[in-house]
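Architecture at a glance
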Amino acid sequence: MRRQALAYLQEWKVGKSRKPLLIWGARQVGKTWVMKEFGNSNYERVAYVNLESNPLVRDLFLVDFDTARIIAGIQISTGVIIDPKNTLIIIDEIQESAEAVTALKYFQENAQEYHIICAGSLLGVVLNRHRSFPVGKVDFLDMYPLSFHEFLEAIDQTPLKQLLTQNNWTLAQSFSSKYKELLRVYYYIGGMPEEVLAYKENLDFSEIRAIQNRILVSYEQDFSKYAPTAIVPRIRSLWHSIPAQLAKENKKFIYGIIRQGSRAKDYELALTWLIDCGLVQQVFRVTKPALPLKAYEDFGIFKLFMVDVGLLGAMSALDAQTILQGDHIFQEFKGALTEQYVAQQLATRKDISLHYWSAENGSSEIDFLVQIQNKIIPVEVKAEENLHAKSLRVYCTKYNPELAIRTSMSNYRKESWMTNLPLYAIGGMNIDS
């Protein structure tokens, strides 16, 4: 299973200013696999420790921050002789020890020769309450579920992926029915590695749904285990409201859907907790499509997406037949899966800043505004082969962007005022689309 993160890790390894690396990401997105795969492929030895299951190693960080003593303890625990030139040290579930996070500062300052990668579920929650976090002393890598491009490669459809990365639209159009079929499969199973592997090995959709439900249960167990007791009910309520929020024609997040009369201040901590866990993605409205988009964010108006399109379907109890049969699913769920899918693909891009725009009077809305380099690109999302793009026309007439994208199930087509980019190719969108 080839992950985009592996290329970043290889660059990190040879970087002149390499620091200990912290990998962010929700539970089950493949952080542990990526660390081990990278270590086994690029180093002679790997010293792997898990602070959740190994209290002896966890206690190493309680005494002091003597890096030589910590390294010696890891060597004893793993049985791996740690040579800084050819050994990767992996510290998994580092959120279990605030002291271990602090220790990274001392490795960066006093023992830069060691190659150290750390990861943990709910890492964002821990870091945000960690007063002695080593600011400027660590590198970061965000990890997400497999993108559609990664999914194609994982299921041995690399030639189809290459057509998209090469922008070979003429040949890709010949396989459009295959792309659409696999895209609907991706809508159902999502990009969690365990689900993708189950699909590749068994093609058993009931097994995939069981895995999805198990992941959802593990997330809810984390609510009770790690979140402050007082906000757990609000976390659950907000989390379970997401399918209903996305099912609306206007997908702006409304607190009143959670509970009648609810206000932002009632759920502020719950929302922050879910964001810090990597379980939800917050996409803010901008008041003006100008550079930089972050300068024009309206913090009171936003959309909220889940970490994975497959988990959204599982939480909504959408069965495989409904999704795989064809277009009527999108009429039933009003494009919720499609917009979730697009947000998920664009979130994996390090070079993109993601927002959305709507007119002050609410007469038109652009599903996403994407900032790439010094360009602002409006993206209108269509679930089917619907070629009407009223809001996109309004936007283009008003702001005259250099590039405008409509993404739909239709084939690639470049017109004078906009480009139709197939949904299965949206992850590769660029300023030359």
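A brief structural summary. (Residues numbered from 1 in each chain as written. Predicted model: local features only at pLDDT ≥ 70, side-chain atom pairs only at ≥ 80, totals over all residues. Heavy atoms only, no water.)

**Here we look at the sheet that holds strand S13 (residues 419-422)**
Stated precisely, the cut-off is as follows: By the convention used here, strands pair only if DSSP detects at least 2 bridges between them. Working definition: helices are DSSP H or I runs of at least four residues, strands are E runs of at least two. Numbering for both runs from the N terminus. What makes two residues a contact is simply this: any of their non-hydrogen atoms within 4.5 Å. Only the stretch in contact is used when a helix axis is fitted, and all axes are lines through C-alpha atoms; the angle between N-to-C directions ranges over 0 to 180 degrees.
Reading across from one edge, S7-S6-S8-S9-S10-S11-S13-S12 is the order of the eight strands in this open sheet, with mixed pairing throughout. This sheet does not close on itself; its edge strands, each paired only once, are strand S7 (297-306) and strand S12 (413-414). Strand direction decides the pairing type here: strand S11 (residues 405-408) and S13, joined by four bridges, are parallel. Bridge pairing in S13 places Ile405 opposite Thr419. Across the sheet, helix H15 (residues 264-277) touches strand S6 (280-286) and S7, and the angle it forms with S6 is around 115°. Strands in contact with helix H20 (residues 390-399) are strand S8 (352-358), strand S9 (365-372), strand S10 (375-381) and S11; relative to S10, the strand with the most contacts, it is inclined by about 160°.

**Observations concerning helix H13 (residues 232-247)**
Stated formally: A helix is expected to reach a length of 1.5 Å times the quantity of its residues less one. Exposure categories follow from relative accessible area, calculated using a 1.4 Å probe and restricted to protein chains: below 20% of the type maximum is buried, above 50% is exposed, and the middle band is partly exposed.
End to end, H13 covers 24 Å across 16 residues, agreeing with the expected 22 Å (1.5 Å per residue, within 8%). Along H13, the residues that are buried comprise Val232, Ile235, Leu238, Trp239, Ser241, Ile242, Pro243, Gln245 and Leu246.

**Things to note about the nonpolar core**
Spelled out, the test is: Residues enter a nonpolar core if they are buried and are Ala, Val, Leu, Ile, Met, Phe, Trp, Tyr or Cys, with the set joined through side-chain atoms within 4.5 Å.
Within the largest apolar cluster, 109 residues are counted, with the highest numbers of intra-cluster contacts made by Tyr219, Trp239, Trp273, Tyr341 and Met429. What Trp239 contacts, discounting residues up to four positions off in sequence, is Leu216, Tyr219, Glu220, Phe223, Leu274, Leu279, Val280, Met306 and Met315. Formed by 26 residues, the second largest nonpolar core is a distinct cluster that contains Val49, Ile74, Val80 and Ala103.

**Notes on empty space enclosed by the protein**
For the record, the criterion: A cavity here means a set of 1 Å grid points, computed over protein atoms only, where a 1.4 Å probe fits but cannot escape. A pocket is an open set with protein on both sides within 12 Å along at least 5 of 7 lines, and lining residues have an atom within 4 Å of a point. Grid points are joined across faces, edges and corners, and a volume is the space filled by probe spheres set on the points. Any residue that is not Ala, Val, Leu, Ile, Met, Phe, Trp, Tyr, Cys, Pro, Asp, Glu, Lys or Arg is counted as polar, Gly included; the first ten are nonpolar and the last four charged.
On inspection of all chains with the given rule, the structure shows four cavities of 30 Å³ or more. Its boundaries defined by the atoms lining it, the largest cavity holds a volume of some 70 Å³. Looking at the largest cavity, the residues that line it are His149, Leu164, Asn167, Trp169, Leu421, Ala425, Gly428, Met429, Asn430 and Ser433. Of the residues assigned to the lining of the largest cavity, the class counts are five nonpolar, five polar and no charged.

**Quick look at a nonpolar patch on the surface**
The cut-off we apply is this: Think of a patch as exposed residues, more than 30% relative accessible area, with no salt bridge, where like charges cluster within 9 Å and nonpolar side chains (Val, Leu, Ile, Met, Phe, Trp, Tyr) cluster within 5 Å. Computed with a 1.4 Å probe, the accessible areas rest on the Shrake-Rupley method; for each residue, only the protein chains presented here act as cover. Whenever Lys or Arg places a side-chain nitrogen within 4 Å of a carboxyl oxygen from Asp or Glu, that contact is recorded as a salt bridge.
On the surface, Met1, Trp33 and Leu197 cluster together into a nonpolar patch covering about 250 Å² of accessible area. Relative to the assigned elements, Trp33 resides in helix H2 (residues 31-42).

**Some points on the pattern of salt bridges**
Side chains that differ in sign of charge can pair as their charged atoms come close. On inspection of all chains with the given rule, the structure shows 18 salt bridges. Close ionic contact of Arg27 with Asp222 constitutes a salt bridge, the shortest N to O distance being 2.8 Å. Separated by 195 residues along the polypeptide, Arg27 in the loop between strand S1 (21-24) and H2 and Asp222 in helix H12 (residues 205-226) bring together distant segments of the chain. Each member of the pair Arg27 and Asp222 is classed as buried. A cluster of three or more residues bridged by salt bridges with shared partners is formed by Lys251, Lys303, Glu339 and Glu365.

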